[in-house]
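Breakdown of the fold
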Amino acid sequence: MHPHFPNDHGDGRVGGPFHRHKSIHRLLGGGKVADILLWNDRNLSTGVLLGATLIWYLFEVVEYNIIPLLSQIAILAMLVIFIWSNAAPLLNIAPPRIPEVIISEHAFRQMVQTIHYKLAYTVAALYDIACGKDLKKFLLVIVSLLILSEIGSSYSFTSLLYLGFLCAHTLPALYERYETEVDHLAARGSEDIKRFYRRIDSNLLNKIPRGPVKSKAI
């Protein structure tokens, strides 16, 4: 039985400090990807995790290169198809049939459009923050980039991708299971961060000299 924590919002909204109006499943897209990330289909989620772990092991531990690996996979696939095609008449089984379309044109265009939208939104957001309109966000982004740079210099790109996959593959499911406890801790952490920022703002940031603000003509 989960412990009871007081709800910070009395209006019946879902998610406490994260202000969610939708379920985790809907926020993740509500499709097969959401089912995999939330472990609704345990067999498929386990298979995806084992596949990603195998890829990380091949590239990071065994130090495979992408071209030899793809070449060997293609050789193995061609040998299997060759044996299957020639043995099919003898064993009275259907020959292998490869689907003509692995990924539909509509799905590919939708994926490219989504990537383009996310990239354009990120660049625009970083530009607005870099202009100094919100000093709090500017300092937060600078610190985050410094931390990311430090992490990137300590780990390889493959390990970072695998770590990101592990986080995406486990954190949503854990949050869905322990949502009340996480929201309670996040609310307390958010208040502590706000108090710390107010202290920094009053003792340091407000003492930074700034240019005169032009009054708008009425």
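In this text the structure is predicted, and so the values were computed from the model without any measurement. What you see as residue numbers is a count from 1 along each chain, following the sequence as written. Since the coordinates come from a predicted model, pLDDT governs what is reported: local features require at least 70, and pairs of side-chain atoms require 80 or more to be given and counted, while whole-chain, interface and lining totals use all residues. As a rule here, side-chain values come from all non-hydrogen atoms in the structure, and water together with hydrogens is ignored.

Below, the discussion takes up the overall build of the protein chain. What counts as a helix is a DSSP run of H or I of at least four residues, what counts as a strand is a run of E of at least two, and both are numbered from the N terminus. Along the backbone of the protein chain there are eight helices and zero strands. For the protein chain, the share of sequence-separated contacts (at least 6 apart) that also reach a separation of at least 24 residues comes to 51%. For the protein chain, the exposed surface amounts to about 18000 Å²; the carbon and sulfur share of it is 66%. Every residue pair with non-hydrogen atoms within 4.5 Å of one another is taken to be in contact. Surface exposure here means Shrake-Rupley accessible area, sampled with a 1.4 Å probe, where a residue is shielded only by the protein chains that are shown.

The next thing to look at is the environment of Val141. Among the secondary structure elements, Val141 is positioned in helix α6 (residues 135–154). Once the C-alpha coordinates of Val141 and Ala130 are considered, the two residues, 11 residues apart in sequence, prove to be 9.1 Å apart. Excluding anything up to four places from it in sequence, Val141 contacts Leu126 and Ile129.

This next bit is on the packing of aromatic side chains. For any two aromatic rings, the description comes down to two numbers: the centre-to-centre distance and the angle of the planes. Note on ring pairs: Phe, Tyr and Trp rings are taken, using the six-membered ring of Trp, and paired if centres are within 6.5 Å. Classes follow the plane angle, with under 30 degrees stacked, over 60 edge-to-face and the rest tilted. Taken as a whole and judged by the stated rule, the model has two aromatic pairs. Plain terms: the ring middles of Trp56 and Tyr162 are 5.1 Å apart, the flat faces sit at 15° to each other, and that makes the pair stacked. Of this pair, Trp56 sits in helix α3 (residues 42–61) while Tyr162 sits in helix α7 (residues 157–177), placing them 106 residues apart in sequence. Residue classification places Trp56 among the partly exposed residues on the basis of a relative accessible area of 25%. Think of it in three bands: with a 1.4 Å probe and only protein chains considered, a residue is buried below 20% of the maximum accessible area for its type, exposed above 50%, and partly exposed in between.

UniProt positions are given in the numbering used here, feature names are shortened, and annotations may be inferred rather than shown by experiment. Per the UniProt record, the feature "transmembrane region" (unreviewed entry) sits at residues 65–84 and 138–165. Structurally, residues 65–84 is divided into 95% helix and 0% strand, and its ends, taken at the C-alpha atoms, are 29 Å apart. Across residues 138–165, helical content stands at 93% and strand content at 0%; the span's end C-alpha atoms are separated by 27 Å.

The next point concerns a nonpolar patch on the surface. Patches here are clusters of residues that have more than 30% relative accessible area and form no salt bridge, with a 9 Å joining cutoff for like charges and a 5 Å cutoff for nonpolar side chains (Val, Leu, Ile, Met, Phe, Trp, Tyr). Any Lys or Arg side-chain nitrogen found within 4 Å of a carboxyl oxygen on Asp or Glu counts as a salt bridge. On the surface, Leu76, Val80, Trp84, Leu90, Leu91 and Ile93 cluster together to form a nonpolar patch covering roughly 650 Å² of accessible area. Along the chain, Leu90 turns up in helix α4 (residues 66–91). For Leu90, a relative accessible area of 75% gives the class exposed.

Because an α-helix completes one turn every 3.6 residues, residues spaced three or four positions apart along the sequence face the same direction. The span expected for a helix works out to 1.5 Å for each residue beyond the first. Helix length check: α4 (26 residues) gives 36 Å between terminal C-alpha atoms against 38 Å at 1.5 Å per residue, within 8%. Bend at a residue means the angle formed by two fitted axes: the first through the 7 residues ending at that position, the second through the 7 residues beginning there. The largest bend in α4 comes to about 25°, at Ser85, with the proline Pro89 one to four residues further on. Where α4 terminates, the next one or two residues include Asn92, which has phi positive at roughly 60°.

This part is about the layout of surface pockets. Here the second largest pocket defines a volume of roughly 160 Å³. Lining of the second largest pocket is provided by Leu38, Trp39, Arg42, Ala173, Leu174, Glu176 and Arg177. Among the elements that line the lining of the second largest pocket, the one with the most residues is α7, at four residues. Any residue outside Ala, Val, Leu, Ile, Met, Phe, Trp, Tyr, Cys, Pro, Asp, Glu, Lys and Arg is labelled polar, Gly included; the first ten of those are nonpolar and the last four are charged. Class assignment of the residues belonging to the lining of the second largest pocket gives a composition of four nonpolar, no polar and three charged. Of the grid points, spaced at 1 Å and generated over the protein atoms alone, those admitting a 1.4 Å probe that cannot get out make up cavities, while open sets with protein on both sides within 12 Å along at least five of seven lines make up pockets; any residue with an atom within 4 Å of a point is treated as lining. Grid points are joined across faces, edges and corners, and a volume is the space filled by probe spheres set on the points.

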